[in-house]
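Observations on the three-dimensional arrangement
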Amino acid sequence: MSHIMPDPEFDTPDEFDRLMAENKVPVLTPFAAMFNKAEEVLADSVRLEGFTPEEIGRMALECLPEAEQAAALDELFYTYWAAREQDRQTLARHQAAGGAR
């Protein structure tokens, strides 16, 4: 089971889990932490041409221990899927409101 999707066999959430959910505290995964660090490193590198999200992501993925890389890819796939679904829902609402195609 992915670390992104809840495990149906996981025990009942404890007080800490309840507080985290109620306060909408984002979960910082190993990939998210490494992505933030890679972005900082690239931003500090003073490159005239700048850098791309792909460079950040590749650097982050390469810096993760091999054991964490599969979960990071799962996270990327899920994030892409969620963004695509959000785009579809936004377009459907726009079209339902009489928006142009």
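Further up the page is the structure itself.
Residues numbered from 1 in each chain as written. Predicted model: local features only at pLDDT ≥ 70, side-chain atom pairs only at ≥ 80, totals over all residues. Heavy atoms only, no water.

1. Observations concerning the packing of helix H2 (residues 30–43) against helix H4 (residues 66–96)
Two elements in contact, H2 and H4, have axes whose closest approach is 9 Å; the angle formed by their N-to-C orientations is 85°. When the axis of H2 is compared with that of H4, the two are roughly perpendicular. Seen from H2, the contacting residues are Pro30, Phe31 and Ala32; seen from H4, they are Glu68, Ala72, Glu75 and Leu76. (Axes fitted to C-alpha atoms, helices over the stretch in contact; angles between N-to-C directions. Helix = DSSP H or I, 4+ residues; strand = E, 2+ residues; numbered from the N terminus. Parallel < 35°, antiparallel > 145°, perpendicular 65-115°, else oblique. Contact = heavy atoms within 4.5 Å.)

2. Concerning the pattern of salt bridges
Applying the stated criterion across every chain yields a total of 5 salt bridges. Connected via shared salt-bridge partners are Glu15, Arg18 and Glu22. (Salt bridge = Lys/Arg side-chain N within 4 Å of Asp/Glu carboxyl O.)

3. So, the side chain of glutamate 75
Within the secondary structure, glutamate 75 is located in helix H4. Buried glutamate 75, no salt bridge; nearest opposite-charge side chain is arginine 58, N-O distance 16 Å. Within the structure, the side chain of glutamate 75 is placed 2.7 Å from the side chain of threonine 29, a separation counted as a polar contact. (Buried < 20%, exposed > 50% of the residue type's maximum accessible area, 1.4 Å probe, protein only. Lys, Arg positive; Asp, Glu negative; His and termini not counted. Polar contact = N/O pair within 3.5 Å; in protein donor to acceptor, adjacent residues only side chain to side chain.)

4. Description of the packing of H2 against helix H3 (residues 53–63)
Across the interface, H2 lies against H3 with an axial gap of 8 Å and an inter-helix angle of 125°. One way to sum up the angle between H2 and H3 is to call them oblique. For the element pair H2 and H3, the recorded crossing hand is right-handed. Contacts between H2 and H3 involve Phe31, Met34, Phe35, Ala38, Glu39, Val41 and Leu42 on the former and, on the latter, Pro53, Glu55, Ile56, Gly57, Met59, Ala60, Leu61 and Cys63. (Left-handed = near helix turned anticlockwise from the far one by under 90°.)

5. Concerning the side chain of threonine 29
With respect to the helices and strands, threonine 29 occurs in the loop between helix H1 (15–22) and H2. Residue threonine 29 is classed as buried on the basis of its relative accessible area, which comes to 7%. Looking at threonine 29, its side chain comes within polar contact range of the main-chain nitrogen of alanine 32, at 3.0 Å.

6. As for the nonpolar core
Grouped together as the largest cluster of nonpolar side chains are 7 residues: Phe31, Ala38, Leu42, Ile56, Ala60, Leu64 and Ala72. Listing elements by their share of this core, those giving two or more residues are H2 and H3. Broken down by element, the residue count for this core peaks at 3 residues, all from H2. With residues near it in sequence (within four places) discarded, leucine 42 still touches Arg47, Phe51, Glu55, Ile56 and Met59. (Core = buried A, V, L, I, M, F, W, Y, C linked by side-chain atoms within 4.5 Å.)

Remember, this is a structural readout, not a statement about activity or role.
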